[in-house]
Amino acid sequence: MKFPIYLDNHSTTPVDPEVMDAMLPYFTEKFGNAASKNHVFGWEAESAVEHARKQIADIIGAESSEIYFTSGATESINLAHFGIAQSYSNKGKRIITSATEHSAVLDSLRYLEKNGFEIIYLPVDQSGRIDFNQLSDSINQNTILVSIMTANNEIGTINNVTEISKICADKNVFFHTDAAQALGKIEFDVKKIKPALASFSAHKLYGPKGIGAIYIRKDEPPIRLTPLLLGGGHEKNIRSGTLNVPGIVGFGKAVEICSKIFKDESHRISRLRDKLYNSLISFLDNVHLNGKIENRLPGNLNISFEGVTAESLIMEMRELAVSTGAACTTASLKPSHVLKAIGVPDNLAKSSIRFGIGRFNSEEEIDYAIKKIIESVTKLRSLSPSWTLREEHNFN
Ligand SMILES: *Cc1c(COP(=O)(O)O)cnc(C)c1O
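A quick note: this is a predicted structure, and the numbers were derived from the prediction, not measured.

**Focus on the overall build of the protein chain**
Part 1 of the reasoning: Scanning the protein chain from N- to C-terminus turns up 13 helices and 12 strands.
Part 2 of the reasoning: In summary, the protein chain has a C-alpha radius of gyration of 22 Å against a globular reference of 21 Å for 396 residues, a match within 12%.
Part 3 of the reasoning: Across its three principal directions, the C-alpha atoms of the protein chain cover 80 × 55 × 35 Å.
Part 4 of the reasoning: Within the protein chain, buried positions represent 56% of all 396 residues.
Part 5 of the reasoning: Intrachain contacts of the protein chain at a sequence separation of at least 6 include 74% that bridge at least 24 residues.

This is the structure we're talking about:
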């Protein structure tokens with residue numbers, strides 16, 4: 001075993017060696033600009049890009065012409081929100097989202113809110129899911145967009161986006177979904193879900209960082225998205241800028257691998273996750289699962305260890321690379337907005353650890369992690385006078 005053991009696969013994943021092999025030639029001998037139309041270097045790059053576009057379209061049941069490359073899910077989400085807001089503000093200024101979205105969704109909508117848009121943040125239940133009636137009731141004449149994630153990056157909740165999309169379609173409102181955590185991990189089929197827009201990122205599925213895509217449904221009349229970046233008119237004027245050819249090739253390969261193995265992989269990973277969870281609850285008292293085990297991403301476990309702070313626990317188990325929540329919000333010491341939204345009290349939120357099991361974790365590593373977590377929690381609790389007192393009190 002190599003230490004530390006990486007158990008933070010929701011933050012990012014290592015590039016699969018097969019993905020790396022596919023990318024390498026596009027840095028050196030096949031370095032062409034996909035927009036160069038006059039020579040073989042350009043043609044070669046362009047055909048590699050179109051091959052990757054097809055690989056991504058295939059896994060989600062889309063047409064190639066509905067896939068546009070961006071720098072990642074953050075950019076795709078910003079493009080969806082600002083693009084719709086700018087193009088359709090004459091129709092209305094209400095946008096609906098949920099309280100547990102990624103900061104890329106919440107922060108871009110917060111910006112629109114400051115600039116005259118009305119943003120509705122729907123609450124969620126203990127499992128992290130919105131209420132469909134509440135969604136339906138909050139859609140009014142002025143609503144131009146609903147943006148709800150497919151799978152949550154902190155507590156792994158998988159939303160019923162097919163139902164959400166249906167509600168939006170009935171009310172004639174565009175539906176965007178942040179599917180960064182879903183693609184390659186669970187089934188995501190646009191023929192079934194029918195979103196107007198969806199955002200993806202390669203580095204969450206064993207592809208490289210800095211490359212992603214947005215799905216824009218081919219509609220009649222076409223969905224109008226005002227671009228964020230202007231320039232050479234790449235990606236049919238939706239996203240100017242020289243294409244990241246090696247990144248795109250890697251993204252395509254990563255998706256292709258997932259489409260081949262994701263059923264077996266999610267089975268294996270959810271078994272490891274369940275082993276971790278069941279061992280922790282059988283050996284430790286007062287541990288709480290955040291969210292529900294049903295409708296959860298296979299590799300996700302988010303647990304509050306009563307009586308210890310997440311920071312001290314992470315320091316105690318240096319052999320494990322885990323996180324207190326979203327990588328992007330850990331810089332601030334505020335308790336997670338997701339845990340708050342599902343009703344976890346602040347003291348328990350500050351005792352929460354997110355485990356993210358991925359493709360390259362072995363059973364041996366999970367067994368080691370189980371031992372280490374139990375030892376560390378037991379040790380920290382025994383050192384805490386208030387916890388020891390409390391335990392004695394419970395016995396009386
Ligand atoms: C990682 C992530 C993002 C951001 O993706 P980047 O490609 O890193 O910009 C957005 N939403 C969710 C749910 C994520 O997990």
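**Observations concerning the sheet that holds strand S10 (residues 300-305)**
Part 1 of the reasoning: One open sheet holds the 3 strands; their spatial order is S9-S10-S12, and the pairing between them is antiparallel. Both edges of this open sheet fall to strand S9 (287-289) and strand S12 (352-356), since each of them pairs with a single strand only. In this sheet, neighbouring strand axes are inclined to one another by 30 degrees on average, regardless of whether the strands run parallel or antiparallel.
Part 2 of the reasoning: As paired strands, S9 and S10 are joined by 3 bridges and run antiparallel to one another. The residue of S10 that forms the bridge with leucine 289 is isoleucine 303.
Part 3 of the reasoning: Against the sheet, helix H8 (residues 245-283) contacts S9, S10 and S12, and its axis sits at roughly 15 degrees relative to S10.

**A closer look at the pairing of strand S6 (residues 174-178)**
Part 1 of the reasoning: A large share of S6 lies buried, amounting to 5 of its 5 residues.
Part 2 of the reasoning: Of the two faces of S6, the one carrying Phe174, His176 and Asp178 and the one carrying Phe175 and Thr177 are both buried.
Part 3 of the reasoning: Here strand S5 (residues 143-147) pairs with S6 via 3 bridges, running parallel. What sits directly across from serine 147, in S6, is histidine 176.
Part 4 of the reasoning: Read from S5 through helix H6 (residues 161-170) to S6, the crossover connection turns out right-handed.
Part 5 of the reasoning: The sheet contact formed by S6 and strand S7 (residues 197-201) spans 3 bridges and is parallel.

The rules behind the values
Residues numbered from 1 in each chain as written. Predicted model: local features only at pLDDT ≥ 70, side-chain atom pairs only at ≥ 80, totals over all residues. Heavy atoms only, no water. Helix = DSSP H or I, 4+ residues; strand = E, 2+ residues; numbered from the N terminus. Rg over C-alpha atoms; globule rule 2.2 N^0.38 Å. Buried < 20%, exposed > 50% of the residue type's maximum accessible area, 1.4 Å probe, protein only. Contact = heavy atoms within 4.5 Å. Pairing = 2+ DSSP bridges. Axes fitted to C-alpha atoms, helices over the stretch in contact; angles between N-to-C directions. Right-handed = clockwise from strand over helix to strand, strands pointing away.

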